[in-house]
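Summary of the model geometry
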Amino acid sequence: MELIKKYFPELQPDQLERVEHLHAVYECWNQKLNLISRKDFAFFYERHVLHSLAIAKAFDFPAGTTIMDAGTGGGFPGIPLAIFFPEINFCLVDSVLKKIKAVEAISGELGLTNLVALNQRVENVDRRFNFIVSRAVAPLAEMIQWTGSKLIPAEATVPKPGIIYLKGGEVHQELSNITWNYRVIPIRGFFEEEFFSTKLIVYLTR
């Protein structure tokens, strides 16, 4: 929790309260359903919450923006981002029903009103969004194939609509096989912890 306060001193008291409550809520749900590996849970704030919020360091979304979290799993990065951006509308999508049920329950316990959870394959979602976010659920080319058509047409907005992907390690081989424009943002530029030394944000636009 101190990591969040360190890197996001601008968070309001109600946001900090929700972030602090995250640990207890996920600890409870993790006993029912293995949303986060037990080995990783000891690093809950660093490897899950802070990692998700790297997107908030790199992007400032205008109010009313719509974002789909594709393959949200246990709710990352969508739930931490929904706490950070209360004026942004999030749709968390996963094909595994029990994970979506958990996400619904967790967001309800946190009192998040800017988030909906959808049990569906991302490629079958019949909506368009300003942005797609995801945390390394598939190779970049597959993510583009599944979600590229879910982006609204490009507008003269900043940032430009696109896919924002949390990745780790080497990505240049994957990037050489795609035709979209891209920007690679090292997360170590935001956070000094060793865990983030190889973590990246890949921002893909048409």
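Look up a bit, the structure's there.
Quantities reported herein were computed from a predicted structural model and do not represent experimental measurements. (Residues numbered from 1 in each chain as written. Predicted model: local features only at pLDDT ≥ 70, side-chain atom pairs only at ≥ 80, totals over all residues. Heavy atoms only, no water.)

Think of a sheet as strands paired side by side through backbone hydrogen bonds, with each pair either parallel or antiparallel. Pairing is mixed in the open sheet, where seven strands are placed in the order S3-S2-S1-S4-S5-S7-S6. Since the sheet does not close on itself, it has two edges, and those belong to strand S3 (115-119) and strand S6 (181-186), each with one partner. Each adjacent strand pair in this sheet contributes to an overall mean axis angle of 20°, direction not counted. Summarising the sheet, strand S2 (residues 89-94) and S3 pair through five bridges and their orientation is parallel. From the neighbouring strand, Val93 faces S3, where its bridge partner is Leu118. Each of S2 and S3 is contacted by helix H6 (residues 97-110), which is oriented at about 165° to S3, the strand it contacts most. (Pairing = 2+ DSSP bridges. Helix = DSSP H or I, 4+ residues; strand = E, 2+ residues; numbered from the N terminus. Axes fitted to C-alpha atoms, helices over the stretch in contact; angles between N-to-C directions. Contact = heavy atoms within 4.5 Å.)

Our next topic: the side chain of Asn114. Mapping Asn114 onto the fold places it in the loop between H6 and S3. Accessibility expressed as a relative area gives 7% for Asn114, which makes it buried. In terms of polar contacts, Asn114 uses its side chain to reach the backbone carbonyl oxygen of Ala82, at 3.1 Å. Within the structure, the side chain of Asn114 is placed 3.0 Å from the backbone oxygen of Ile88, a separation counted as a polar contact. (Buried < 20%, exposed > 50% of the residue type's maximum accessible area, 1.4 Å probe, protein only. Polar contact = N/O pair within 3.5 Å; in protein donor to acceptor, adjacent residues only side chain to side chain.)

Turning our attention to the pattern of salt bridges. All chains considered together, the criterion is met by seven salt bridges. We note a salt bridge from Glu192 to Lys6, for which the minimum N-O separation is 2.6 Å. Of this pair, Glu192 sits in the loop between S6 and strand S7 (199-205) while Lys6 is found in helix H1 (residues 2-7), placing the two residues 186 residues apart along the sequence. (Salt bridge = Lys/Arg side-chain N within 4 Å of Asp/Glu carboxyl O.)

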